[in-house]
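This is what each chain is made of:
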Amino acid sequence: MGFEVTVKEAPSMTLWDYAIASALAKGEAIDTDAPSQLVVENLHAYFGRTHAVKGLSLRIAAHRITAIIGPSGCGKSTFLRCLNRMHEVVPGARREGRVLLDGEDIYAPAVDPVEVRRRVGMVFQRANPFPTMSIYDNVVVGLRLNGIRDRRVLDEVAERSLRQAALWDEVKDVLARPGTSLSGGQQQRLCIARALAVQPEVLLMDEPASALDPASTLKIEELARTLRETLTIVIVTHNMQQAARVSDSTAFMLAGSLIEYGPTAELFTRPKERQTEDYITGRFG
Amino acid sequence: MSYAAPAGRGVPPLPAESRVRSGRGGDAIFRVLLTVFGVAVIVLVAAIACVLTGAAMPAIRRFGPAFLWTSRWDPVHNIFGALPFVFGTVASSALALLVAVPISLGVAVYLVEIAPPRTSIALSFIIELLAAIPSVILGLWGIFVLAPWVRSAVEPVLSAVLGWLPLFSGPQYGIGLLAAGIILAIMIIPIVSSVSRDVLRAVPAEQREAMYALGATRWEVISRAVVPYGRIGIIGAVILGLGRALGETMAVTMVIGNRPQISTSLFQPAYTIAAVLANEFSEATSDLYLSALIEMALVLFAVSLIVNALARWLVARATSHARAAR
Amino acid sequence: MAGGACDLPRAGGAVIVLGRQSARRRVTDRVMGWVCLAAILVAVAPLASVLGYIVIQGASALNWAFFTHLPAPVGEPGGGMANAILGTLTLIGLAACVGVPVGILGGLFLAEAGDGRLGWWIRFTADVLNGLPSIVVGVFVYALVVVPMHRFSALAGGLALGVMMIPLVVRTTEEMVRLVPSSLREASLALGIRWWVTSLRIVLRTATAGVITGIMLAVARIGGETAPLLFTAFNNQFWQAGLDQPISSLTVQLFTYSIAPYDDWHRQAWAAALVLMAITLLLNVAARAAGRQRFTMGGR
């Protein structure tokens, strides 16, 4: 089942349009009835007096990739950080509203944020491997935190996570080297492996490839598509082509509010809101 | 602390040649004047080194390097060995570090990672106030408050619990190596903790975030990400504290007992290089006596120079590293 | 939180459950937080004790005689430390004659021409000088001044303290002068005012408050020094006879009294500690308060 591609009246197809068309031509069924892994209900987030996220509600489908796009400063990173309770680490930050992970509010008073963060992992904009640890130690640090010391288990998980992050072949002989001795793209994949090692259910990616070269960027996007089978992924990106290539659903945010949310193909070809259309056609942002 | 000129202020440099003709002479003289006074600092330190070496020469020639490991200090017979003082200096400083470093680290961690910002500022100020107390006043407090407390509360307990160790054996005077170590610890806590605090502050936020995002508790973030990242700078802070402890004079001489002996017990009195200089310098009867004292001052000068330079270098590396990594 | 357990392969194929965070980690986190708080309390306790004792013991011993009388002969009660107070002030004055000009001009050099190798070395040496044990400075001045003069003197003491002032004043002066916006200097030069006049009368004058702050902090530091005075200025139980004579000081007097066996002297030592501490604290707090103002004013 494919979608109708409406080519806009333009003198020629731009690279942009090709990207959309090719994404759609993959013809994958977008299953809008997939179970929701994360349900956000009326989320507000503040930094002191600044109201960064305004009453956002949406459902993030399990085993899908959801992209959050929007101009800089629209609150997409803040929103992302509310999903794994990283927002509250900043002094002066607060939030209202609920975020349900498998039906339970992660902000309930009895819930331990440490546990939430293990189940909802995060990859940051700039790769941040721990410089005082080797590649191996970086990958297994999450397991060690949880008290797992058995070398055989650690080895197995390390290999598996590095394979999942498509890094194993490149580092399997140099696991003792410091984490920072790798290239930028490799460091980011190391951070992904590190996040995967603790077996999260959801992986949040905050502009993971924005500091990388195009080749590494594509590798990361490929990675995201393969990880989709085992995890739910939410990716924030300012690169619309990336969102189009990679994601199943896309949410467009503007000035802290959710403007539109829907299957990626629809959002990019037949946006319902005027603002969405303005953004994706490059009229601002 | 870096010794390069602070960047980014764009102070236009003093011209080698003034473009305004009538002022040329004035500017040239000014430049020379400034340079002279700038260089004066270097000349001063060089002068100290030279004067000390010169005055210590008689003793150096007489005793040679054995001076440092001879343990007999006998002014009457003109035999001088610095070992008891070296021992006292090293032992009291080591004890001070042992006590002060964990406390200072705890203070720094609390100030940077745990305390709310306003509390942190207020507490930092209070702890720095400790550094402003003159050494002689701390010594006064040491004689009348600390030493009696050590004798009545600390030494009995240590003796009861760990008395089988030679370290905690023997008569309990209060005054002695233990009191000196404690008072030195009190004096170096401010500098070790404030430099450590700066080092920990310089750790990039992304390191903490990476640890939090993996599901670590606050303490795990501190102990596994923040402190390891700053370990070089913290070592620098500790060495700075060591440098301060080695040269401390007044507070130490007032509570250490001033007896030139080497003993295995912390309860015993001892003597440090700085203390013997303070006490015996003005009473040195012979030239050789004086020269021997000055030789010890020279040793103190050299050690302090090396230790301080090393410490500053480590701290500069740690704080600039972190700045560059951002 | 229910659910969320994830399975890890155990070597050999069986399963390990990575379940909820163990209570141990939570307890450790909380306990270590308290340990760090305890560290702060342990660090602050001596401060509280020292200040407490100074205030209590010192206040009870402080009287008018303390400020006006000379020390009584050994063993006799009464007397005061008037000469010591005057002595400390004299020594600070002498020290400033050495420390302030060298410090300011040296700092000015670093700010204006200190961007190269020489500047680096000067800063490094100033740091070394700052870290030197003060007793070593005393020995230096002894060998340089006391020996040729064949006597202890206020001049020697002043010189020793002055040497210790230099690195502090150099650093703060450099910092303060660098804070002056370069636009001010350029405006002055553009008016045809000569460089050295610009430096002294415009730049330095703008930085004056900050420089004075630095000097106050340096004075607070040397006012409390004892070791370098022990064999340069020595001590004097009477009024200052001349600058080439030994001179009394609060710190040396405090030291002498506190190690002596007389209770009356001990009481006077506490009184001296109170006076000294009060002056030091006042200077420190005033300097920091002024310094904070400076920063907001200089940030144009």
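**Regarding the interface of chain B and chain A**
Then, in step 1: The interface of chain B with chain A comprises 16 residues on the first partner and 21 residues on the second.
Then, in step 2: Counting only elements with at least two residues in the side of chain B that touches chain A, the list comes to helix 6 (205–213) and helix 7 (218–229) of chain B.
Then, in step 3: Element by element, the count of residues in the side of chain B that touches chain A is highest for helix 6 of chain B, at six residues.
Then, in step 4: Of the residues in the side of chain B that touches chain A, the class split is nine nonpolar, three polar and four charged.

**Some thoughts on the pairing of strand 2 (residues 50–61) of chain A**
Residues and elements named next belong to chain A.
Then, in step 1: When strand 1 (residues 36–47) meets strand 2, the two strands line up antiparallel, connected through eight bridges. Bridge pairing links A45 to V53 in strand 2.
Then, in step 2: If you look at the hairpin formed by strand 1 and strand 2, you'll find two residues sitting between the two strands, and G48 has a positive phi there, around 60 degrees.

**Here's the deal with the sheet that holds strand 2 of chain A**
Then, in step 1: As summarised here, the arrangement of the four strands in space is 2-1-4-5 (chain A), forming an open sheet in which the pairing is antiparallel. Two strands lie at the open edges of the sheet, namely strand 2 and strand 5 (104–105) of chain A, each paired on one side alone.

**Quick look at the environment of V198(A)**
Then, in step 1: Take V198(A): it is sitting in the loop between helix 7 (184–197) and strand 7 (202–206).
Then, in step 2: Of the residues examined, V198(A) has 25 C-beta atoms within 10 Å and is grouped as buried.

**Points about the packing of helix 7 (residues 182–190) of chain C against helix 8 (residues 195–206) of chain C**
Helix packing for two helices is described by the angle between their axes and how far apart those axes are.
Residue and element names in this part refer to chain C.
Then, in step 1: Contact geometry for helix 7 and helix 8: axes closest at 10 Å, N-to-C directions at 145 degrees. Classified by chirality, the crossing of helix 8 by helix 7 is right-handed. Residues L184, R185, S188 and L189 of helix 7 touch helix 8, and the partners they reach there are W195, T198, I202, V203 and T206.
Then, in step 2: Looking at the contact of helix 7 with helix 8, its residues break down into five nonpolar, three polar and one charged.

**Structural notes on the sheet that holds strand 6 (residues 120–123) of chain A**
In any sheet, the strands associate via hydrogen bonds between backbone groups, in a parallel or an antiparallel arrangement.
Residues and elements named next belong to chain A.
Then, in step 1: Read across the sheet, six strands follow the order 6-7-8-3-9-10 without closing on themselves; strand pairing throughout is mixed. Each edge of the open sheet is held by one strand with a lone partner, namely strand 6 and strand 10 (257–263). Across this sheet, the average inter-strand angle for adjacent strands is 20 degrees, counted without regard to direction.
Then, in step 2: Across four bridges, the pairing between strand 6 and strand 7 is parallel. If you follow G121 over to strand 7, its bridge partner there is L203.
Then, in step 3: Relative to the sheet, helix 2 (residues 76–83) contacts strand 3 (65–69), strand 6, strand 7, strand 8 (232–236) and strand 9 (249–254), its axis offset from that of strand 8 by approximately 155 degrees.

**Section: unusual backbone geometry**
Then, in step 1: In this structure, A166(A) is a non-glycine residue whose phi angle is positive, near 55 degrees.
Then, in step 2: Of note, A166(A) is situated in the loop between helix 5 (151–164) and helix 6 (168–171).
Then, in step 3: On the basis of neighbour count, A166(A) is assigned to the partly exposed category, with 18 C-beta atoms found within 10 Å.
Then, in step 4: The phi dihedral of F234(C) falls on the positive side, at around 60 degrees, and the residue is not glycine.

**Here we look at the domain arrangement of chain B**
Residues and elements named next belong to chain B.
Then, in step 1: By the assigned domains, chain B splits into domain 1 (4–64) and domain 2 (69–325).
Then, in step 2: Taken over C-alpha atoms, the centre of domain 1 sits 33 Å from the centre of domain 2.
Then, in step 3: Each partner contributes to the interface: domain 1 provides 11 residues, whereas domain 2 provides 10 residues.
Then, in step 4: Residues of the side of domain 1 that touches domain 2, tallied by class, amount to nine nonpolar, one polar and one charged.

What counts, and at which threshold
- Residues take numbers from 1 onward in each chain, read along the sequence in its written order.
- Ligands are numbered from 1 and chains lettered from A, in the order in which they are written.
- Per-residue local features are limited, in this predicted model, to residues with pLDDT of at least 70; the limit for side-chain atom pairs, both in listing and counting, is 80 or more; totals at the level of whole chains, interfaces and linings are taken over all residues.
- Here, residues touch in the contact sense if the C-beta positions derived from the backbone fall within 7 Å of one another.
- Secondary structure is summarised from DSSP: a helix means a run of H or I of at least four residues, a strand means a run of E of at least two, and numbering begins at the N terminus for each.
- Only Asp, Glu, Lys and Arg are considered charged in this grouping, and only Ala, Val, Leu, Ile, Met, Phe, Trp, Tyr, Cys and Pro are considered nonpolar; every other residue, Gly among them, is considered polar.
- Following DSSP output, two strands are said to pair if at least two bridges run between them.
- Residue burial here comes from a neighbour count, namely the number of other C-beta atoms, placed from the backbone, that lie within 10 Å of the residue's own C-beta, with 20 or more meaning buried, 12 or fewer meaning exposed, and in between meaning partly exposed.
- Helix axes use the C-alpha atoms of the stretch in contact, all axes being lines fitted to C-alpha atoms, and the angles between their N-to-C directions lie in the range 0 to 180 degrees.
- Should the near helix be turned anticlockwise from the far one by less than a right angle, the crossing is termed left-handed; should it be turned clockwise, right-handed.
- An automatic or database domain assignment supplies the start and end points of every domain.

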